[in-house]
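Commentary on secondary and tertiary structure
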Amino acid sequence: MLKKILIGLAVIIVGIQFIPLDRSNPPVTKEIDAPPNVLSILKTSCYDCHSNETNWPWYAYVAPVSFLITSDVSEGRKHVNFTEWDKYDEKKQGKKLEHVADAVGEGWMPLPKYLLLHKDAELDQSKVKVIKDWATAGGEQDGHIRYKKEDKEDEED
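This is a predicted model, so every value here is computed, not measured. (Residues numbered from 1 in each chain as written. Predicted model: local features only at pLDDT ≥ 70, side-chain atom pairs only at ≥ 80, totals over all residues. Heavy atoms only, no water.)

All told, the structure shown has zero disulfides when counted by the stated rule. This cysteine, C46, is not joined by any disulfide, and C49 carries the nearest cysteine sulfur, 9.1 Å off. (Disulfide = S-S within 2.5 Å.)

Set out below in structure tokens:
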């Protein structure tokens, strides 16, 4: 009986390897315009899930882990995509930046499960401050603030 169960599990594990998943990196349409220090942090800590420049590690091709990773990347890109920044109008960009400041400031991002295998993505307090200050300022770049909090009163997410 145990042998049949193990054979059945092996067949299932092998079978799920053939379920097709989207691991594509669509073209970058416009990368977020951020200062170099901010962009460096975003690329190290955020881009794998929040850009079209995902680095797909070998284990992203092994089920069932592949299901979790592709789902996280898909959801991450839906929430904010730093390489499709031109697809958001100015108010939406501001709202996205506000969410970035909250998520990083509250420690929700990067996800703890992501940090298990990506220690370099961990944000120390100085990096959190850089991202939070920049995002809270509306993505200030070269003295130009793209978004002011008082502009967002009637907008929806």
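Before going further, it helps to examine the layout of surface pockets. Here the largest pocket is characterised by a volume of approximately 530 Å³. Where the lining of the largest pocket is concerned, the elements lending two or more residues are α2 (36–45), α3 (65–79) and α4 (90–105). At six residues, α4 tops the list of elements feeding residues into the lining of the largest pocket. Of the residues that constitute the lining of the largest pocket, the class distribution is 13 nonpolar, five polar and six charged. The computed volume of the second largest pocket comes to approximately 260 Å³. In terms of lining, the second largest pocket is formed by 16 residues, of which the most central are Y59, I69, K113, Y114 and H118. Those elements giving two or more residues to the lining of the second largest pocket turn out to be α3 and α5 (112–115). Residue contributions to the lining of the second largest pocket peak at five residues, all from α3. Along the lines of polarity and charge, the residues of the lining of the second largest pocket split into 10 nonpolar, three polar and three charged. (1 Å grid on protein atoms, 1.4 Å probe; cavity = no way out; pocket = protein on both sides within 12 Å on 5 of 7 lines; lining within 4 Å. Points joined across faces, edges and corners; volume = space filled by probe spheres on them. Helix = DSSP H or I, 4+ residues; strand = E, 2+ residues; numbered from the N terminus. Nonpolar A, V, L, I, M, F, W, Y, C, P; charged D, E, K, R; others polar.)

To continue, consider unusual backbone geometry. The amide bond that connects A63 to the next residue, P64, takes the cis arrangement and shows omega of 10°. Tracing the backbone shows P64 in the loop between α2 and α3. For the bond running from M109 to P110, omega is -10°, close enough to zero to count as cis. Position of P110 relative to the elements: it lies in the loop between α4 and α5.

We now examine the pattern of salt bridges. Counted by the stated rule, this structure contains five salt bridges. E31 is paired through a salt bridge with K43; the nearest N and O atoms lie 3.5 Å apart. Of this pair, E31 sits in the loop between α1 (2–16) and α2 while K43 sits in helix α2, placing them 12 residues apart in sequence. Overall, K43 belongs to the partly exposed group, its relative accessible area being 41%. Taking the shortest distance from any N to any O, the salt bridge between D133 and K129 comes out at 2.5 Å. Placement of the pair is D133 and K129 together in helix α6 (residues 125–136), with a separation of four residues, close to one helical turn. (Salt bridge = Lys/Arg side-chain N within 4 Å of Asp/Glu carboxyl O. Buried < 20%, exposed > 50% of the residue type's maximum accessible area, 1.4 Å probe, protein only.)

Spanning 16 residues, α4 covers 22 Å between terminal C-alpha atoms, matching the ideal 22 Å at 1.5 Å per step. Residues Q93, G94, K95, K96, L97, E98, V100, A101, A103 and V104 constitute the buried set of α4. For α4, the secondary structure elements touched by its buried residues are α3 and α6. The opening residue of α4, the one whose side-chain oxygen lies 3.2 Å from the backbone nitrogen of K91, is D89. (Expected span 1.5 Å × (residues − 1). Contact = heavy atoms within 4.5 Å. Polar contact = N/O pair within 3.5 Å; in protein donor to acceptor, adjacent residues only side chain to side chain.)

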